[in-house]
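Letter by letter, the chains look like this.
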Amino acid sequence: MNFVDACEFSVWVYTKSKTRVAIYISTDDGGGRYNVAEAHGTLTPGKWCQMKGVVHAGDWRKQDQQTRFVIRSYGECWVDDVLLETSTTVTPAQAWPRLKAMIQSRTAKRISTVKLGDTLTLDARNAVLAPDTARVEVSLPDTASTIIPEEGLLVFAINATEDIALTGSLQLEPDADLRPGLRVTVLADDTVIAAPAVKAKAWKGTQSGNRPGPAPNIKGERPSSTVPLAPFRLSKGRHYITVAGPHIRSGGTFAKLELQAAAQPAEKPLYTFGLLSDTHLGSGRPEWMNLKLNAQAGAELEAALRQLKREGAGFAIIAGDMTDAGRRSQYDELSRIVKRANLPVYGCLGNHDTFRDSRKKDIAETIPKLFPNGPANTDYAFSKAPLRFIVLDGSHWYGKDTPVQGFRGGKADKTTYLESMSDWLRATLAADTTTPTIVISHYEFFLNRGVSPVSGYDLGKGSVMDKKLMVTLAAAPNVVATMNGHYHYNAVGSYHGITSIQNPAFVEWPNAYRVCRVYADRMEWEVRQMSNRGLLREGVVPKKNLLWMLSTTNDDLAGTVKLAPRTPVTTVIDEDFEGSTPPRSIFGYRVSRDIDTTRAHSGKSSLRVKTTGKDWGTVGYDLDKLMDFSAAGEISLWVYAESAARVSAYVSAQAIGNKDRHTVARLAGKIEPGKWCQLKAQIPAGYWRMDEKDVRLVVRTHGECWIDGVKMSAKRPDR
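Residues numbered from 1 in each chain as written. Predicted model: local features only at pLDDT ≥ 70, side-chain atom pairs only at ≥ 80, totals over all residues. Heavy atoms only, no water.

Draft legend 1. Here's a closer look at the overall build of the protein. Helix and strand counts for the protein stand at 7 helices and 49 strands. Its C-alpha atoms give the protein principal-axis dimensions of roughly 95 × 70 × 50 Å. A sequence separation of at least 24 residues applies to 75% of the contacts in the protein between residues at least 6 apart. Accessible surface, the protein as shown: approximately 31000 Å² in total, 48% of it carbon and sulfur. In the protein, 92 side chains carry a positive charge and 78 a negative one; their mean positions are 1 Å apart. (Helix = DSSP H or I, 4+ residues; strand = E, 2+ residues; numbered from the N terminus. Contact = heavy atoms within 4.5 Å. Areas by Shrake-Rupley, 256 points an atom, 1.4 Å probe, with all protein chains shown as cover. Lys, Arg positive; Asp, Glu negative; His and termini not counted. Charge placed at Lys NZ, Arg CZ, Asp CG, Glu CD.)

In structure tokens:
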């Protein structure tokens, strides 16, 4: 074998009904065996079927040894015509550097200039057309309109006279193929400024074994010919705006590009940083929604970090799944990449990083500098004025018969945060309630789902939220954003004024990451794709048509996070006990409680509470999921008591590190037997402590009483 060039392999297989077959090329990199490439095809029992695979040039590694072609069977099968061929065909990834150079050379004859306040209208005669990213050839269109080939690029050269902020639009007649999914990708250099899609009624990909299957063969709506561009900026100098084909069909007929430049120069940020996730450094190209370019991810990660360094970025953050399997060799590769790129990188652990019990040792010996407080402290905080960043490690594992530990013990194990992290996070937030703070994890904080307004892809019902974590973050007035990876698609949402940003995968299409610009009063962000468009093409599985992940909401390609206390939040308890049974949100201890329709302060009923023994009993609400702890609180309720009953009401909490509960505030008011009496309390803004947990509104009674009209409002004033 030639372990340099590409290798194409195939085999014919005949199976019976219950036989399962896997075909792959595997090798050993010194740290254990792994699969370089798998064969794909559909096996039909009782027929000869061909399975094919390819090892791409560049997927081989120098340290690989004992390479094998493997046919693995469960049951009986017949094998014929095994073929392995070395291929010297130039791949799109190999062709890209020369094609890119040719495009830039030929566009030099068609340069357009944009100045402050300009409106620039361009058609195909201002551009260069590369019909196929697998071929090093371009043409100069001589008509105003042109068809965007499915693997083609229409490229405009733009000279910016200074740093300029721009908006604009594209006129693009859609292709006749109306399957749901990507129409084109529009880029300013590597920054995505539009990703329009054909939208269909709610749809999902089918399931194929343990991986997502292809999109259904359905027809979507005919999209608008006008494609708005996300706000973007060009620094002074030469840039390239590209309309890239969608890999699955023609991009349609391009008519014109219109750009509007702001009248004032773009403000220079205090600093920029990169946010990447799901880099999955590893081997081969395993299939998920598309192909995970594990073997090539390292080179592309280094290229992205070097580009950030050239632009003057301060640092980068990788939000988990830095490696594909948590192997020592993969951590070694990450260490070398960070060292060569010479850009500070902050790490965050994901589930793929923690598959092995050598996690602690490998991290300590290979990438300790990615964790500023030492590799043993994978929950940490750091500050880059005007921001504070908090990074959380949710990649501890537990199973049915397995306690929480730092690595996966079995395939059914699930990930979690350590219990101690919650206390550490509360204490860290309490230590500074003014500095704008961004919290980062591999896992989702809050994620809107439903049907994507861009493509119609059905992301699932309701929202996904780590309730315990978001309650804690929402209680801090200075948490302005959360950032995560894990799900491999781009999404932006908001929870109680906290912007929730989910990064798409770097290793798999859309092969993207974010660049954030930080100013004194705001943070702006944009989405970029990896720079090698030939390699990006190689990662797409066209027959699956799963190309919805680049944009799932209307404003997820660019945005702004304000670095100010969040918009005032009002949360309310308004309970008049009008149901037939007590609300499930109320807890009770040493009491019986039921709805009484014979007595009420307002409405038709109230909650009757009676102690079940000689001791005091309690009823109340758990406020942790209801209260904005940065707000002022107003709490009131009505009580009716007989002469022998004694009643008190208060808000209590437990401070971190303290076993005993303490009273935050008592509800005041005079209780007169045989009358409805109101008890009230006001808690000033700033009185709450961020290190308080298990906050409760409690009514304590000795004897029988009735409760009605429980109300709580929380208001944080504008500042």
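Draft legend 2. Highlighting the pairing of strand S45 (residues 646-655). Taken across its 10 residues, S45 has 8 buried, putting it largely inside the fold. Where S45 and strand S48 (residues 692-702) come together, 9 bridges link them in antiparallel fashion. Paired with Val651 across the two strands is Leu697, which belongs to S48. Pairing analysis gives 5 bridges linking S45 to strand S46 (residues 661-666), with the strands arranged antiparallel. Its bridge partner being in S46, Gln654 is matched across the sheet by Arg661. (Buried < 20%, exposed > 50% of the residue type's maximum accessible area, 1.4 Å probe, protein only. Pairing = 2+ DSSP bridges.)

Draft legend 3. Highlighting the environment of Ser395. With respect to the helices and strands, the residue Ser395 is situated in the loop between strand S26 (387-391) and strand S27 (396-399). Sequence separation of Ser395 and Thr378 is 17 residues, and the distance between their C-alpha atoms is 9.8 Å. Setting aside anything within four residues of it in sequence, one finds Ser395 in contact with Leu349, Gly350, Asn351, Thr354, Arg359, Gly406, Thr415, Thr416 and Tyr443. Reaching out from Ser395, the side chain makes a polar contact with the side chain of Tyr443 at a distance of 2.7 Å. (Polar contact = N/O pair within 3.5 Å; in protein donor to acceptor, adjacent residues only side chain to side chain.)

Draft legend 4. Layout of the pattern of salt bridges. Tallying each qualifying case throughout the model produces 37 salt bridges. Notably, a salt bridge pairs Lys468 with Glu419, separated by 3.7 Å at the nearest N-O pair. Of this pair, Lys468 sits in helix H6 (residues 467-474) while Glu419 sits in helix H5 (residues 419-430), placing them 49 residues apart in sequence. The two residues Lys468 and Glu419 agree in class, both being exposed. (Salt bridge = Lys/Arg side-chain N within 4 Å of Asp/Glu carboxyl O.)

Draft legend 5. Just the packing of aromatic side chains, in detail. Across all of its chains, the model carries 24 aromatic pairs by this definition. Plain terms: the ring middles of Trp203 and Tyr457 are 5.0 Å apart, the flat faces sit at 85° to each other, and that makes the pair edge-to-face. You can see Trp203 sitting in the loop between strand S16 (197-198) and strand S17 (207-208) and its partner Tyr457 sitting in the loop between strand S31 (446-448) and strand S32 (463-465), a full 254 residues away along the chain. Note on Phe315 and Phe382: the rings are 5.8 Å apart at their centroids and 90° apart in plane angle, and the pair reads as edge-to-face. (Phe/Tyr/Trp six-rings, centres within 6.5 Å; stacked < 30°, edge-to-face > 60°.)

Draft legend 6. Quick look at a nonpolar patch on the surface. Nonpolar side chains collect at one region of the surface, where Met1, Phe3, Ile71, Val79, Val82 and Leu84 lie side by side and expose about 490 Å² of accessible area between them. The biggest single contributor to the nonpolar patch is strand S6 (residues 77-87), with 3 residues. With respect to the element layout, Ile71 can be found in strand S5 (residues 65-74). (Patch = residues over 30% accessible without salt bridge, like charges linked within 9 Å, V, L, I, M, F, W, Y side chains within 5 Å.)

Draft legend 7. A look at helix H3 (residues 328-341). Helix length check: H3 (14 residues) gives 20 Å between terminal C-alpha atoms against 20 Å at 1.5 Å per residue, within 8%. Where H3 is concerned, the buried positions are Gln330, Tyr331, Glu333, Leu334, Ile337, Val338 and Ala341. Down the axis, H3 shows its buried residues gathered within 155° of arc, on one side only. On its buried face, H3 is in contact with helix H2 (294-310), strand S23 (315-319), strand S24 (345-348) and helix H4 (359-366). Backbone geometry just after H3 places Asn342 at a positive phi near 60°. (Expected span 1.5 Å × (residues − 1). Arc of directions from axis to C-beta.)

Draft legend 8. Fine view of the environment of Asp163. Within the element layout of this structure, Asp163 appears in the loop between strand S11 (153-160) and strand S12 (164-173). Put simply, Asp163 and Pro542 are 379 residues apart on the chain and 38 Å apart in space, counted from C-alpha to C-alpha. Beyond its immediate sequence surroundings of up to four residues, Asp163 is in contact with Leu116, Arg233, Leu234, Ser235, Lys236, Pro265, Ala266 and Lys268. Polar contacts involving the side chain of Asp163 include one to the main-chain amide nitrogen of Lys236, which spans 2.8 Å. There is a polar contact of 2.8 Å between the side chain of Asp163 and the side chain of Lys268.

Draft legend 9. Seen up close, the side chain of Arg183. As for its position among the elements, Arg183 is in the loop between strand S13 (181-182) and strand S14 (185-188). Look at Arg183: it is buried, it has no salt bridge, and the nearest opposite charge is Glu173 at 7.2 Å. There is a polar contact of 3.0 Å between the side chain of Arg183 and the backbone oxygen of Ser224. In this view, Arg183 contacts Leu172, Glu173, Pro174, Pro196, Ala197, Val198, Pro223, Ser224, Val227, Pro246, Arg249 and Gly251; residues no more than four positions away in its chain are not counted.

Draft legend 10. Up close: the nonpolar core. Counting residues in hydrophobic clusters, the biggest one holds 95 residues, and the most contacted among them are Phe273, Leu305, Phe389 and Met523. Residues contacting Phe273, with those up to four places away along its chain left out, are Phe315, Ile317, Phe389, Met483, Arg514, Val515, Cys516, Val518 and Met523. Among the nonpolar cores identified, the runner-up in size contains 32 residues, and Val609, Ala645, Ile683 and Met712 belong to it. (Core = buried A, V, L, I, M, F, W, Y, C linked by side-chain atoms within 4.5 Å.)

Draft legend 11. Expanded view of the sheet that holds strand S34 (residues 491-495). Here we have 6 strands laid out as an open sheet, ordered S25-S26-S30-S33-S35-S34, and mixed in their pairing. Sheet topology places strand S25 (380-384) and S34 at the edges, where each strand pairs with a single neighbour. Taking the axes of each pair of neighbouring strands and ignoring which way they run, one obtains an average angle of 20° across the sheet. Relative to S26, S25 runs antiparallel, the two sharing 5 bridges. By the bridge assignment for S26, Phe382 is matched with Phe389. Against the sheet, H5 touches S25, S26 and strand S33 (479-484), its axis set at about 175° to S26. In this fold H6 packs onto strand S30 (437-440), S33, S34 and strand S35 (498-502), with an angle of close to 135° to the strand it touches most, S35. (Axes fitted to C-alpha atoms, helices over the stretch in contact; angles between N-to-C directions.)

Draft legend 12. Quick peek at the packing of H5 against H6. Where H5 contacts H6, the axes come no closer than 10 Å and their chain directions differ by 10°. Relative to H6, the element H5 is oriented roughly parallel. Crossing of H5 against H6: the hand is right-handed. Taking contact as the criterion, the partners of Glu419, Met421, Ser422, Leu425, Arg426 and Leu429 in H5 are, on H6, Lys468, Leu469, Thr472 and Leu473. Across the contact of H5 with H6, the residue classes break down as 5 nonpolar, 2 polar and 3 charged. (Parallel < 35°, antiparallel > 145°, perpendicular 65-115°, else oblique. Left-handed = near helix turned anticlockwise from the far one by under 90°. Nonpolar A, V, L, I, M, F, W, Y, C, P; charged D, E, K, R; others polar.)

Draft legend 13. The arrangement of the sheet that holds strand S2 (residues 20-28) in detail. Strand order across the open sheet formed by 3 strands is S3-S2-S5, with antiparallel pairing between neighbours. The sheet is open, and its two edges are formed by strand S3 (33-38) and S5, each paired on a single side. With strand direction ignored, the average angle separating the axes of adjacent strands in the sheet is 35°. Of the strand pairs in this sheet, S2 and S5 are connected by 8 bridges, and their pairing is antiparallel. Of the residues in S5, the one forming a bridge with Ser26 is Arg68.

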